[in-house]
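# Structural features, examined
Chain by chain, the residues:
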Amino acid sequence: MRQWEIRRWWTRAAPAAEIARARARLLRLLLHARPVPTTALVALHLVNAVCPTLHALAVGHLILVAADASDDRRLLWASVLVAGLLLLDQMAWLLRQAVRDLVVRQIDGALRDTVRMLATSAPTLDRLETTEFHDLAARAVDGGISLARTRSPGTAAAGQLLVVFRMLAAVSATVLVATRFPVLAMALLTVSLVGRAIVRRQWIRLIDILDADVEGQRRMFYLSELAVTGAAKEVRMLGLAYWVSARFRATAISVYAPAWRELWGVLRRQWLTLFLATSSAVAALAVPAAAVLSGELSSGALVTYVLAAMGILAMSGMGHEAYDIEYGLRGMTAAEQLTAAHATTRPATTTLLPAPETPPVIRFEGVSFTHPGADRPTIDGLCLTLWPGQTVALVGRNGVGKTTFVKLLSGLYAPQAGRITVDGVDVAEVEPALWRSRLAVLFQEFNQYPASLADNVALASPEHLGDVPAIRDALGRAGLADLPERLPHGLDTLLWHEGAGGTNLSGGQWQRVALARALFAVNAGRRVLVLDEPTAHLDVRAEAEFHAEVVSSVQETTTLLISHRLSTVRPADRILLLDGGRIVEDGTHDELMALDGEYARYFRLQAETFATPGSLESRRSR
Ligand SMILES: Nc1ncnc2c1ncn2[C@@H]1O[C@H](COP(=O)(O)OP(=O)(O)OP(=O)(O)O)[C@@H](O)[C@H]1O
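Here the structure is a predicted model, which means the values were calculated and not measured.

What follows deals with empty space enclosed by the protein. Counted according to the given criterion, the structure contains two cavities of 30 Å³ or more. The computed volume of the second largest cavity comes to approximately 40 Å³. Around the second largest cavity, the lining residues are D108, L111, R112, A140, V141, S152 and P153. Elements represented by at least two residues in the lining of the second largest cavity include exactly α3 (72–121) and α4 (131–141). Among the elements that line the lining of the second largest cavity, the one with the most residues is α3, at three residues. Residue composition of the lining of the second largest cavity, by class: four nonpolar, one polar and two charged.

The next point concerns the sheet that holds strand β6 (residues 439–442). Spatial ordering of the open sheet is given by β6-β7-β8-β3-β9-β10, a layout of six strands whose pairing is mixed. Where the open sheet ends on each side, the last strands, each with one partner, are β6 and β10 (582–587). Between one strand and the next, the sheet's axes are offset by a mean angle of 20 degrees, whatever the strand orientation. Against the sheet, helix α13 (residues 402–409) makes contact with β3 (391–395), β6, β7 (528–532), β8 (558–562) and β9 (574–579), and its axis sits at roughly 155 degrees relative to β8, the strand it touches most.

Right, let's get into the site of the ligand. The immediate surroundings of the ligand are formed by 14 residues, with E129, K402, T403, T404 and H564 found nearest. At 3.2 Å, a backbone N or O of V400 approaches an oxygen atom of the ligand. Here an oxygen atom of the ligand and a side-chain polar atom of Q444 are 3.2 Å apart. For the ligand, whose free accessible area comes to 630 Å², the fraction covered by protein is 63%. For the shell around the ligand, a count of residues per class yields two nonpolar, nine polar and three charged.

Turning our attention to helix α10 (residues 270–293). When the terminal C-alpha atoms of α10 are compared, their 34 Å separation across 24 residues agrees well with the 34 Å that a helix rising 1.5 Å per residue should span. Within the span of α10, buried status applies to T273, L276, S280, A284, P288 and A291. Its buried side turned inward, α10 meets α6 (182–212) and α11 (299–313). Looking at the residues trailing α10, positive phi occurs at G295, about 80 degrees.

What follows is about a nonpolar patch on the surface. On the surface, M167, V171, V175 and L193 cluster together into a nonpolar patch covering about 310 Å² of accessible area. Sorting elements by how many residues they give to the nonpolar patch places helix α5 (residues 153–178) first, with three residues. For L193, the location among the structural elements is in helix α6. The class of L193 is partly exposed, set by a relative accessible area of 36%.

Now for the packing of α5 against α6. At a closest axis distance of 7 Å, the pairing of α5 and α6 adopts a crossing angle of 160 degrees. The angle between α5 and α6 places the two elements in the roughly antiparallel class. The element α5 and its partner α6 pack so that their crossing is right-handed. Together, V163, M167, A170, T174, V177 and A178 of α5 and P182, L184, A185, M186, L189, L193 and R196 of α6 make up the contact between the two elements.

With that settled, consider the sheet that holds strand β4 (residues 417–422). Here four strands make up an open sheet; going across it, the order is β2-β1-β4-β5 and the pairing antiparallel. Each having just a single partner strand, β2 (379–386) and β5 (425–426) make up the two edges of the open sheet. Bridge count for strand β1 (residues 362–369) against β4 is five bridges, and the pairing is antiparallel. Each residue of the ladder has a partner; that of I362, found in β4, is V422. Packing against the sheet, α13 makes contact with β1, β2 and β4, and its axis sits at approximately 120 degrees to β1.

The tally for this structure, following the rule as stated, stands at 14 salt bridges. A salt bridge links E326 to R23, with the shortest nitrogen-to-oxygen separation between them at 2.7 Å. Of the two residues, E326 is situated in helix α12 (residues 319–342) and R23 in helix α1 (residues 3–28); the sequence distance between them amounts to 303 residues. Taking relative accessible area as the criterion, E326 reaches 3% and is therefore assigned buried. The partner of D586 in a salt bridge is R574, and the shortest N-O contact between them spans 2.9 Å. On the criterion of sequence distance, the pair formed by D586 in strand β10 and R574 in strand β9 is long-range, its members being 12 residues apart.

Checked against the element boundaries, K402 lands in helix α13. This buried residue, K402, is left without a salt bridge; E533 holds the nearest opposite charge, at 5.8 Å. In this structure the side chain of K402 is engaged in a polar contact, spanning 3.0 Å, whose partner is the backbone oxygen of G396. When residues no more than four places from it in sequence are discounted, the contact partners of K402 are L394, V395, G396, R397, I562, H564 and L578.

Applying the stated criterion to the full structure yields five aromatic pairs. Centroid distance F369 to Y413: 4.4 Å. Interplanar angle 10 degrees. Geometry classified as stacked. With F369 in strand β1 and Y413 in the loop between α13 and β4, this pair connects stretches of sequence that are 44 residues apart. Per residue, the accessibility class of F369 equals that of Y413, and both read buried.

Attention shifts here to the side chain of S461. Its place among the elements puts S461 in the loop between α15 (453–458) and α16 (468–477). When residues no more than four places from it in sequence are discounted, the contact partners of S461 are F520, A524 and R526.

The sites that UniProt annotates as "transmembrane region" (unreviewed entry) are residues 40–63, 75–95, 156–175, 181–199, 271–291 and 297–315. Across residues 40–63, helical content stands at 100% and strand content at 0%; the span's end C-alpha atoms are separated by 34 Å. What you have in residues 75–95 is 100% helix and 0% strand, and the ends, taken at the C-alpha atoms, are 30 Å apart.

Rules behind the numbers
Residues numbered from 1 in each chain as written. Predicted model: local features only at pLDDT ≥ 70, side-chain atom pairs only at ≥ 80, totals over all residues. Heavy atoms only, no water. 1 Å grid on protein atoms, 1.4 Å probe; cavity = no way out; pocket = protein on both sides within 12 Å on 5 of 7 lines; lining within 4 Å. Points joined across faces, edges and corners; volume = space filled by probe spheres on them. Helix = DSSP H or I, 4+ residues; strand = E, 2+ residues; numbered from the N terminus. Nonpolar A, V, L, I, M, F, W, Y, C, P; charged D, E, K, R; others polar. Pairing = 2+ DSSP bridges. Axes fitted to C-alpha atoms, helices over the stretch in contact; angles between N-to-C directions. Contact = heavy atoms within 4.5 Å. Near = heavy atom within 4 Å. Polar contact = N/O pair within 3.5 Å; in protein donor to acceptor, adjacent residues only side chain to side chain. Areas by Shrake-Rupley, 256 points an atom, 1.4 Å probe, with all protein chains shown as cover. Expected span 1.5 Å × (residues − 1). Buried < 20%, exposed > 50% of the residue type's maximum accessible area, 1.4 Å probe, protein only. Patch = residues over 30% accessible without salt bridge, like charges linked within 9 Å, V, L, I, M, F, W, Y side chains within 5 Å. Salt bridge = Lys/Arg side-chain N within 4 Å of Asp/Glu carboxyl O. Parallel < 35°, antiparallel > 145°, perpendicular 65-115°, else oblique. Left-handed = near helix turned anticlockwise from the far one by under 90°. Lys, Arg positive; Asp, Glu negative; His and termini not counted. Phe/Tyr/Trp six-rings, centres within 6.5 Å; stacked < 30°, edge-to-face > 60°. UniProt positions renumbered as here; feature names shortened; annotations may be inferred.

Printed below as a string of structure tokens:
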């Protein structure tokens, strides 16, 4: 073969090889289900694959025996055999549906678990926050349920197994027909396979179109989120129901319209598959019938060959199955890409941190970090030392990078330049979980766990779950000493109003529970406490007492406090002003006021706003 011919052959064969590899990967997914249901499913498929051919033979035999009216016993046994095979086939089919559903659920459950683990155990957040991760994760767990049928990877794997056994059934029927009509048998098998390939190609095109509009699908997702909890409050207040519904409808139409057009085209092009199916059915009837007419074939054998020929043709349809398999295959591919890109990308590290008993010296050495898609760094060559036991406040405008700083400090983002050291050890060389186990962090957007009050506090240090005295102590220090007594089941009250017997808390109470969680972690031995906007939901009295009641009560701990309320940060040992990605002012409140810089201006502005009604307006108009 000349070189260009080899290349042409290869480009034709490569997609076929790719399809075969993808099919093998789909079948391997079956290993994610438990062995007993998977084995049962294979066995039931086997019964359904051989029964039609055996049935064709048995019916042919029955007709032969029936023609010979002299032997009633043989007729009885032939009838029993036909009925028995039919019954066996039907029973296997019925059982197969239930076992298949179980296997599908187990496979999908295992895949969802993998994606969940990838999302929750990735050492840093930066990659999780990329749209690439979200799109792949959404595709991996997408069961195509909105398209009226389940089209998950599990469905695809079960569908692929069905195809394998349909193929086996077709081959066994082909062998039977070929014993008498070899040309007809090969022609029917070829037409069946070509018919299936055409149908498959048409459905793949449809999925390509749907998958291409990722942006549209994202818009649909966010719009549908607006209709449920969280945002639903504002949607109702502003009367946006019609706006949400109209936007969703318009987006759905723009996402699905190209697919509907393609579907219409697929239906119009069905004449080819219809022609193939009809002509092969006619041939399957005509060729054996001609043999009967010429006296070469008995009427019993005619029925056997016609039934077997129909068994070969059963292979060709399968439009929906082809669609389900292709749709689920894309989900499986997304899960594989996700795993390849995000699993165990961090080499195992063995560097240990110094003893955890005392707060460490934390240094930021020329640290820079740019968010994906941003054109400038949020943190830009930042240098800073946090000395043990100090209370340090970090202040700055909205969006200046305070939360980003906290995420860098807690190892949730990795510096893209520079390094962060803990007692001289580079955090990048330490197992992330080890460093994080030294920190107690109250995030600005803290979690409200659908769990008991006790667990909502103790989850900060899961090894101390159930330590009731420590939980009560943390609640007391967060200003919630009497909360358990006011709840129906005390510390065991489920803080989730959707759960049976559950209840919900106010915004401020939730913030105090989150604060108690951080204080519980300090109690459990964590020597670095980070509080990001801890007073945002607190009332005026609680805010005024926050430093005396909470911050001062924390001993032998380095505390990093972030707040826009400068009265909250005023008593700190040290106040840092973040701007342009760096610390631009650093000192005590008095020192910074004397410096008369940006901090002093913010502070006076806040103080004035409270002192003189209308002063903010007069200042703005200046
Ligand atoms: N996941 C993200 N992807 C892209 N950009 C981000 C992401 N998170 C934050 N940013 C951007 O980084 C900048 C700093 O955000 P950050 O949340 O750290 O600010 P902040 O100082 O804590 O703000 P605030 O005072 O409003 O809480 C902002 O401009 C924000 O738009």
